[in-house]
Amino acid sequence: MIARYAMNNPKTSSGTQRRREEGYREKALKMYPWVCGRCAREFSGKNLSQLTVHHRDHNHDNNPEDGSNWELLCLYCHDNEHARYTDQQYFAEGSTASPLAPKTTYKAFGSLADLLKGKDDIG
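One structure accompanies this document, and this report is about it. (Residues numbered from 1 in each chain as written. Predicted model: local features only at pLDDT ≥ 70, side-chain atom pairs only at ≥ 80, totals over all residues. Heavy atoms only, no water.)

**What about the environment of N59?**
Position of N59 among the secondary structure elements: in the loop between β1 (51-55) and β2 (70-74). Separated by 10 residues in the primary sequence, N59 and N69 have C-alpha atoms spaced 8.8 Å apart. Polar contacts involving the side chain of N59 include one to the main-chain amide nitrogen of D61, which spans 2.9 Å. (Helix = DSSP H or I, 4+ residues; strand = E, 2+ residues; numbered from the N terminus. Polar contact = N/O pair within 3.5 Å; in protein donor to acceptor, adjacent residues only side chain to side chain.)

The structure is reproduced here in C-alpha cells:
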C-alpha cells in the first residue's frame, strides 16, 4: 500500500514516504492500544500489520509528537473513513458534481394541531 501510494504521488519518493510513515506508525503503536478505533477489533502478532494509522484531519504531513492527529484503524475501517471523506468532498456544496436540489418547505405535520383541535370540538 505504501509503495502504491508513493508511485501514484509524484511529490514524494517511495523511500521518503516509507520512512515518514514508519516513523509515525511506530510512535502511534507505542502510544495507543492495538485496537481499531471504530470497530474495536483487537490486533496482535501477525495481524498487527492490518492496523493502520489514520490522520484525523487527512493531512499526512501533520504529525504532532503527542499523536493528537492520529487514530489506529483496521484496514476496513480506514478504507471506509477515506471513502466517506472522498464522498463528502465530492458532494460538497460548492461542487459542480452534485447540483443542489431546492430546499423543502413543506411541513407534513404543519396543520396537525389544527386538525386535532377540530376533532375535540366534534366529540
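**A short note on the environment of V35**
Topologically, V35 is positioned in the loop between α2 (14-31) and β1. A relative accessible area of 29% places V35 in the partly exposed class. In the structure, V35 is positioned 38 residues away from L73 in sequence and 7.5 Å away in space, judged by C-alpha atoms. Aside from chain neighbours lying at most four places away, what touches V35 is A40, R41, E42, L51 and L72. (Buried < 20%, exposed > 50% of the residue type's maximum accessible area, 1.4 Å probe, protein only. Contact = heavy atoms within 4.5 Å.)

**Things to note about the nonpolar core**
Grouped together as the largest cluster of nonpolar side chains are 13 residues, with contacts concentrated most on C36, F43, L51, V53 and L72. Of all the secondary-structure elements, those providing two or more residues to this core are α2, β1 and β2. Sorting elements by how many residues they give to this core places β2 first, with four residues. Setting aside residues up to four positions removed in sequence, L51 forms contacts with R25, L29, W34, V35, C36, F43, L72, L73 and C74. (Core = buried A, V, L, I, M, F, W, Y, C linked by side-chain atoms within 4.5 Å.)

**Describing the pattern of salt bridges**
Within the structure shown, the criterion is met by four salt bridges. Note that E71 is salt-bridged to R38, the shortest N-O span being 2.8 Å. Here R38 lies in the loop between α2 and β1 and E71 lies in strand β2, a separation of 33 residues in the sequence. You can call E71 buried: its relative accessible area is 14%. Note on R38: relative accessible area 42%, which makes it partly exposed. Among the ionic pairs, E81 bridges to R38, the shortest N-O distance being 2.6 Å. (Salt bridge = Lys/Arg side-chain N within 4 Å of Asp/Glu carboxyl O.)

**Quick notes on the side chain of N69**
Among the structural elements, N69 can be located in the loop between β1 and β2. Within the structure, the side chain of N69 is placed 2.8 Å from the side chain of D57, a separation counted as a polar contact.

**Here's the deal with unusual backbone geometry**
The phi dihedral of A40 falls on the positive side, at around 65°, and the residue is not glycine. Looking at the element boundaries, A40 is found in the loop between α2 and β1. Located in the positive-phi region is H58, a residue other than glycine, with phi close to 65°. Among the secondary structure elements, H58 is positioned in the loop between β1 and β2.

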